[in-house]
Every structure is written in C-alpha cells, then in structure tokens.
Amino acid sequence: MKYQSTRGHRMPQTFSEILLGGLAPDGGLYLPEVYPQVSADELEAWRELSYADLAFEILSRFCDDIPAADLRALTGKTYTPEVYCNARPGDNIADITPLRLLGEEGADGADGKTPLHLLGLSNGPTLAFKDMAMQLLGNLFEYALTRAGQELNILGATSGDTGSAAEYAMRGKRGIRVFMLSPHNKMSAFQTAQMFSLQDENIFNLAIEGVFDDCQDIVKAVSNDLDYKARQKIGTVNSINWARVVAQVVYYFKGWLLATSGPGQKVSFCVPSGNFGNVCAGHIARMMGLPIDKLVVATNENDVLDEFFRTGVYRVRKSAETYHTSSPSMDISKASNFERFVFDLLGQDAGKLAALFRDLDTNGGFDLRGTPEFERIREFGFVSGRSTHADRVATIRDLSSRYGITIDTHTADGVKVAREHLTPGVPMLVLETALPAKFADTIREALGREPERPASFEGIEALPQRFQVMAADASLVKAYIAEHTGL
Ligand SMILES: *Cc1c(COP(=O)(O)O)cnc(C)c1O
C-alpha cells in the first residue's frame with residue numbers, strides 16, 4: 001500500500017513514512033493510491049470480531065509496513081473497554097462504540113418506520129470522539145519512534161477538545177512530549193481541569209495570556225522557524241494526519257455491523273462536521289465497499305460545507321467571519337480534510353485539484369456548479385444541512401423528553417439534520433461526537449439542570465493542576481520548550 005499526494009507529488013510513501021508527517025512536500029494531503037476493497041462475505045465474517053480485531057483487519061489493509069503481530073498488539077491495547085469506559089448505563093461497553101436505538105421516526109420526527117440510532121463515539125478518556133483516533137495515534141507514535149530510536153515534541157494550540165484528546169493519548173508515552181498552548185482563563189472549568197490535572201511529566205500545559213488565535217499564531221511562528229523546529233524535533237497531531245482518518249474508518253464498519261443483520265443492507269450516517277475528518281472517514285468506508293446509503297454532513301452556523309453540498313460553491317470564510325457557537329468544535333472557516341474528498345470528486349486528477357486549490361488561495365473559494373464533478377456527490381451519497389443554537393436547544397429538549405437521553409450540542413446538530421434526511425426503512429446512525437458533560441452551559445439552558453457526569457469525572461475541578469502561565473510571546477515559548485527538552 002503506497003500513498004500519493006492529492007497534488008501529484010511523485011514520491012509514493014509508505015504508511016510509516018507519512019505517520020509522523022503532515023502535508024506532502026507539494027502542500028497536498030496523502031491518500032492511498034487505491035482504496036482496499038472489502039467484500040460482502042468478508043463483512044459477514046467480521047460480525048463476531050471484537051472492536052480491536054476489526055480495527056486490526058481494517059488497518060492492516062492500509063499499513064503493510066508494520067508486522068501483523070505488532071499491529072494487532074497496538075489495536076488490542078488501544079481499543080479496550082477500560083479506555084472507553086464512560087458509556088451510558090445500559091450501553092454495551094464491550095462494543096467500544098455502542099449503538100443505541102432512540103426510536104423509529106418518520107419525516108420531521110413524527111412516528112414512523114425509520115430507526116434513528118446514536119453511535120456512541122465519546123466514551124473515551126476526554127468524552128469526545130477524537131479519542132477514537134488519537135488513542136491509536138499515541139500508541140502508533142510510541143511504536144514508530146521506539147523502532148527508529150527517535151523522539152518527538154508535539155506542539156499544539158487548543159481551545160478544548162483536540163488538546164485534551166492529544167494529551168490523554170500521549171501521556172506517559174516513551175519518546176514523546178506534548179507542549180499544549182491554551183488561552184489562559186478562556187476554557188470552561190471542566191475542560192481546564194481535564195487538561196491541567198494531568199500530572200504526567202511528558203505533558204506541558206502552557207496557559208497563554210491571550211485568546212485562542214494568539215496561541216495559534218505562536219504555534220505558526222515556532223513552526224516557521226525551520227532550524228528550531230528541526231533541532232527541537234517539533235511535530236503536530238492535527239486533523240489532516242492520515243492515521244487519524246483511517247482510525248475513524250473503523251467505527252463506520254462497526255456501526256454498520258451493529259445496525260444490520262445481513263449482507264447488502266444499507267444504513268446512513270449523519271456526521272457533525274468541522275474539519276471534515278470524521279465524515280471523510282465515512283466516505284472512505286463507502287469507497288471500500290461498505291453499504292452506506294447517505295452520508296449526511298451536519299454543520300452549525302458555520303455552514304461552509306453545507307453551502308458547498310447544496311450549491312457546489314465552496315467559499316471559505318475569514319476567521320473574523322467565523323461564529324463562536326455552542327457547538328464550538330464545529331466552528332471552522334476552512335475544512336482542512338476537504339481536499340481529500342474533492343480529490344475523489346475530481347476523479348483523482350491531481351492536476352485539476354492543484355488548479356482548484358490555487359483558486360482557493362487566490363479567490364477564497366471555488367465553484368463546481370453545474371459540473372459533472374459536482375454531480376458525483378450524489379453518487380457518493382452526500383447530502384447536508386445546518387443547525388443553529390435554537391435548533392440545538394430544541395433538539396436536546398426533544399430527545400430528553402421523547403427518549404429520556406441527554407445529548408451534547410454537536411450531536412444535537414447531527415440529530416437535527418439527520419431528521420431532514422431520513423429514508424424510510426434505512427437505519428440512520430447519528431455519530432455522537434461528545435458527551436453532554438463537556439457542554440454544561442447549553443444543557444442548563446435547554447433542560448434547566450446539570451448534565452450527567454461519568455463517575456470518573458466527579459470532582460475533577462478540585463484536583464491539583466499543573467500548568468505554566470506565559471505571555472503571548474513566541475520567544476518565551478521557544479525558550480520554555482528548549483529548557484524542557486534539553487535539546
Ligand atoms: C472535532 C469535533 C467535531 C468535528 O469533527 P471533524 O472531523 O473536524 O469534522 C465534531 N464534534 C466534536 C465534539 C468534535 O470534537
């Protein structure tokens with residue numbers, strides 16, 4: 001299995017070669033040269049597999065340069081019920097991503113014959129779906145670095161979800177340190193406690209006196225100093241990382257296996273989307289032969305993706321035009337994984353893709369209206385919708401009263417949009433991308449009470465915290481990193 005760049009760079013790479021890197025040298029993203037195919041018979045044979053063994057079967061088709069026994073050990077240690085222990089009472093923890101039937105609905109939430117499910121992806125240590133991929137990444141990184149006798153210092157900026165998922169995945173890992181910048185006093189008490197209560201010596205929380213954009217600017221400034229970056233062995237774990245995408249392919253298969261009983265049955269997925277990493281994995285699962293009917297892209301008020309799927313016009317927003325919403329992990333102006341999907345829309349024509357993304361850089365977007373390429377989104381099963389704060393609040397209330405379940409704001413965007421795209425008789429699986437404990441403000445607004453908290457998070461705000469406050473100054477951050485790496 002070799003990997004190509006979406007922009008045509010001619011040096012096919014192996015899985016291990018792209019594991020620790022980011023963009024291809026030509027600025028493109030890596031994709032496999034061909035999508036491995038899974039037959040209906042193989043799918044049926046996978047029904048009895050544990051999540052870890054299913055992950056091994058799927059990953060082994062994408063990475064042939066890690067010995068099978070090693071890969072099996074890595075998936076086995078990653079996908080255990082001890083790690084994904086925060087499921088709701090009644091969910092089957094052994095499934096890792098348990099499926100919960102909400103009810104049978106018709107159009108617009110009326111009673112009907114279409115099963116509406118939640119696929120629980122948020123039972124890991126940080127209560128958001130990013131753990132599903134990040135936990136594997138932590139183990140893969142440790143394995144690859146140990147094998148190569150190298151070390152890696154991960155530098156990132158976070159306003160919440162990604163930073164904590166990265167820290168919980170990398171804590172205690174050999175050869176890895178994490179330097180995570182967050183805006184001082186700007187995260188919720190819960191999110192702050194989640195990150196800052198980690199006592200592992202390889203985790204460094206830097207609370208920057210500024211806003212999230214200041215943190216991001218510092219990361220860019222440090223990364224642009226190529227000498228420093230090389231000397232300090234600086235890397236990232238951002239959402240374009242291929243291993244993260246491929247790890248997410250697994251739960252589409254698991255969801256299908258849990259929702260069906262025989263070959264060829266179709267299901268649809270609805271995916272609360274931001275950087276398009278999650279739903280891109282669904283597209284790849286479909287390209288591998290998984291019988292998916294629709295892939296529903298749900299956005300919040302930041303509707304750049306919804307606009308594209310409705311009209312064919314892709315118009316990225318300026319960061320000043322990005323709304324801060326109550327589903328903050330979907331607040332994006334430009335979807336970093338979208339290029340992978342567009343590559344397939346264009347029939348994997350790297351020349352066309354490079355031209356289109358040059359347009360995007362100069363004109364802030366591109367227009368595929370009326371082209372045969374845009375028609376292909378139907379062939380790929382894509383539809384979309386958007387949701388607002390009022391929709392989230394109404395949906396959280398509705399699911400609480402109708403089904404007695406509390407969902408988070410991102411999942412609420414998903415349920416709202418999923419209901420607009422039900423096909424009679426085709427199970428609809430909404431991906432639950434976070435648990436409500438993380439977004440207490442909106443739950444209080446919708447339900448007038450606090451969200452449930454998994455037992456392991458009781459009293460987390462009272463734990464001792466470990467962090468360093470620092471002015472928004474890249475040179476201070478650089479000095480801090482150098483001091484702690486000793487490089
Ligand atoms: C990251 C995140 C998303 C968006 O996922 P993408 O892969 O960026 O599309 C949605 N919901 C939650 C809770 C997230 O943390």
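Because the structure is predicted, anything quoted here is derived from the model rather than measured. (Residues numbered from 1 in each chain as written. Predicted model: local features only at pLDDT ≥ 70, side-chain atom pairs only at ≥ 80, totals over all residues. Heavy atoms only, no water.)

**Q** Residue-level account of the UniProt feature "domain: Threonine synthase N-terminal" (unreviewed entry) in the chain, with values.
**A** Per the UniProt annotation, the sites labelled "domain: Threonine synthase N-terminal" (unreviewed entry) are residues 2-79. Strand forms 8% of residues 2-79 and helix 41%; the C-alpha atoms that close the span are 26 Å apart. (UniProt positions renumbered as here; feature names shortened; annotations may be inferred. Helix = DSSP H or I, 4+ residues; strand = E, 2+ residues; numbered from the N terminus.)

**Q** Describe the side chain of Glu 307, and please don't skip the residues or the numbers.
**A** Topologically, Glu 307 is positioned in helix H12 (residues 304-311). A relative accessible area of 17% places Glu 307 in the buried class. Among the polar contacts made by the side chain of Glu 307, one reaches the side chain of Arg 315 at a distance of 3.3 Å. The residues contacting Glu 307, other than those within four sequence positions of it, are Gly 312, Val 313, Arg 315 and Arg 317. (Buried < 20%, exposed > 50% of the residue type's maximum accessible area, 1.4 Å probe, protein only. Polar contact = N/O pair within 3.5 Å; in protein donor to acceptor, adjacent residues only side chain to side chain. Contact = heavy atoms within 4.5 Å.)

**Q** Could you give me a rundown of the layout of surface pockets, with the residues and numbers involved?
**A** The calculated volume of the second largest pocket comes to roughly 330 Å³. Along its surface, the second largest pocket is lined by 19 residues, and Val 83, Pro 125, Gln 135, Tyr 168 and Arg 171 are the ones closest to its centre. Listed by contribution, the elements that provide at least two residues to the lining of the second largest pocket are helix H4 (68-78), helix H5 (130-148) and helix H6 (161-170). Residue composition of the lining of the second largest pocket, by class: 8 nonpolar, 6 polar and 5 charged. (1 Å grid on protein atoms, 1.4 Å probe; cavity = no way out; pocket = protein on both sides within 12 Å on 5 of 7 lines; lining within 4 Å. Points joined across faces, edges and corners; volume = space filled by probe spheres on them. Nonpolar A, V, L, I, M, F, W, Y, C, P; charged D, E, K, R; others polar.)

**Q** Can you tell me about the packing of helix H10 (residues 242-259) against helix H11 (residues 277-287), naming the residues and giving the values?
**A** Remark: H10 packs on H11, axes separated minimally by 8 Å, with the N-to-C direction vectors making an angle of 60°. In the crossing of H10 with H11, the sense of the turn from one axis to the other is right-handed. Within the contact between the two elements, H10 uses Trp 242, Val 245, Gln 248, Val 249, Tyr 251, Tyr 252 and Phe 253 and H11 uses Gly 277, Asn 278, Val 279, Ala 281, Gly 282, Ile 284 and Ala 285. The class makeup of the residues in the contact of H10 with H11 is 10 nonpolar, 4 polar and no charged. (Axes fitted to C-alpha atoms, helices over the stretch in contact; angles between N-to-C directions. Left-handed = near helix turned anticlockwise from the far one by under 90°.)

**Q** Break down the sheet that holds strand E8 (residues 234-235) for me, citing the residues and quoting the values.
**A** Taken in spatial order, the 5 strands line up as E8-E5-E6-E7-E15 in an open sheet, and their pairing is parallel. The open sheet has two free edges, formed respectively by E8 and strand E15 (468-471), since each of these has just one partner strand. Here strand E5 (residues 152-157) runs beside E8; their pairing, made up of 2 bridges, is parallel. Paired with Asn 153 across the bridge in E8 is Ile 234. Of the strands in this sheet, E5, strand E6 (176-183) and strand E7 (203-209) touch H6, which is tilted by about 160° from E6. This element, helix H8 (residues 212-224), spans E5, E6 and E7 of the sheet and lies at about 145° to E5. (Pairing = 2+ DSSP bridges.)

**Q** Let's hear about the site of the ligand: which residues, and what values?
**A** Looking at the ligand, there are 15 residues lining it, with Lys 130, Asp 161, Gly 274, Asn 275 and Asn 278 nearest. In this structure, an oxygen atom belonging to the ligand sits 2.5 Å away from a side-chain N or O atom of Lys 130. Protein contacts shield 97% of the accessible area of the ligand, which totals 390 Å² for the unbound molecule. (Near = heavy atom within 4 Å. Areas by Shrake-Rupley, 256 points an atom, 1.4 Å probe, with all protein chains shown as cover.)

**Q** Tell me what's going on with the UniProt feature "domain: Tryptophan synthase beta chain-like PALP" (unreviewed entry) in the chain, and back it up with residues and numbers.
**A** Here the UniProt-annotated "domain: Tryptophan synthase beta chain-like PALP" (unreviewed entry) positions come out as residues 122-351. As annotated, residues 122-351 has a helix share of 45% and a strand share of 17%, and its two end C-alpha atoms lie 39 Å apart.

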